[in-house]
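So you can see what is in the structure, the chains are spelled out below.
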Amino acid sequence: ADLFRADQQRRRMTADITHDLGTPLQVISGYIEMLEEGVVTLSPQRLEIIKTEIGHLRRLVDDLTTLAQVEAGGLDIQLAPLQPPVLLERIYNAYHPIAARKGITLTLDVPQSMPDILADEGRMMQVLKNLLENVMRYTPKGGAIRLSAQAGSRIQLRVADTGSGIEADDLPYVFDRFYRADKSRGGNSGKMGLGLAICKALVIAQNGMISAESAGKGQGACMVITFNPAPAQAAPPDAD
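Residues numbered from 1 in each chain as written. Predicted model: local features only at pLDDT ≥ 70, side-chain atom pairs only at ≥ 80, totals over all residues. Heavy atoms only, no water.

Enquirer: Explain the packing of helix H2 (residues 44-72) against helix H6 (residues 194-205) to me, please; I cannot follow it from the model alone.
Expert: Packed helices, taken two at a time, are described by their axes: the angle between them and the distance between them. In the contact formed by H2 and H6, the axes pass within 10 Å of each other and the chain directions differ by 30 degrees. Relative to H6, the element H2 is oriented roughly parallel. H6 is crossed by H2, and the crossing has left-handed handedness. Across from Leu60, Asp63, Leu64, Thr66, Leu67 and Val70 in H2, the residues of H6 making contact are Leu194, Ala197, Ile198, Ala201, Leu202 and Ala205. A breakdown of the residues in the contact of H2 with H6 according to their chemical character gives 10 nonpolar, one polar and one charged. (Axes fitted to C-alpha atoms, helices over the stretch in contact; angles between N-to-C directions. Helix = DSSP H or I, 4+ residues; strand = E, 2+ residues; numbered from the N terminus. Parallel < 35°, antiparallel > 145°, perpendicular 65-115°, else oblique. Left-handed = near helix turned anticlockwise from the far one by under 90°. Contact = heavy atoms within 4.5 Å. Nonpolar A, V, L, I, M, F, W, Y, C, P; charged D, E, K, R; others polar.)

Enquirer: Can you walk me through the pairing of strand E5 (residues 155-161) in this structure?
Expert: Remember that side chains alternate between the two faces of the sheet whenever the strand is regular. The buried fraction of E5 is high, at five of seven residues. Pairing analysis gives seven bridges linking strand E4 (residues 144-151) to E5, with the strands arranged antiparallel. Following the sheet pairing, Ser148 is matched in E5 by Arg158. Taking the residues that link successive antiparallel strands as the turn, the E4-E5 hairpin has three residues. Sheet topology note: the E5/strand E7 (residues 221-227) ladder contains seven bridges and is antiparallel. Looking at E7, one finds that Asp161 is bridged to Ala221. (Buried < 20%, exposed > 50% of the residue type's maximum accessible area, 1.4 Å probe, protein only. Pairing = 2+ DSSP bridges.)

See the structure below:
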């Protein structure tokens, strides 16, 4: 069963890469051919379309490069004690205006103080950014997204939404590379699920874990990042 699923994933990966590379290239090459034939002129609007498609190609290549670097152990990870409330407040402040424009209520629920985690601040911001952008795609206008943290034997950072939810059969695979996000979340964007795959790779590279929870279709979902508390730092020696 595992071999069959791996083969199906490989076939889907090939089809998805072909689609996500092929569509921008077709748009760009189509405009170039029309320009060469004199059918159209290079207006600012057409130039903007070409630039947008090049941006799509660049992001895809960047995502694939990040995944390759993590797998090869070549990604620079600088672990340091971080305060989860500060981390979540920073991403909340960055995305609150974006959520408001989309008609989505973004809330922050974190304790005043809790144990630090040992993580890379820049990489964690990248993870949270990917998660927020993902859940916003599947949370309709009038919906809500909640950022929260809780401490126990382990530290959890949670990103919960009231969006389209995830089917039980899809939950184990939503972080798989090239897993089609439109299938697992009910959309039709046709884009590869690289964002969540990058989140998983970066969290694991920082000795954490990430998982997804959902009661099913239409019931929203919650992405959970789990870390061990950072080791207590030794007190500095007395001056004398």
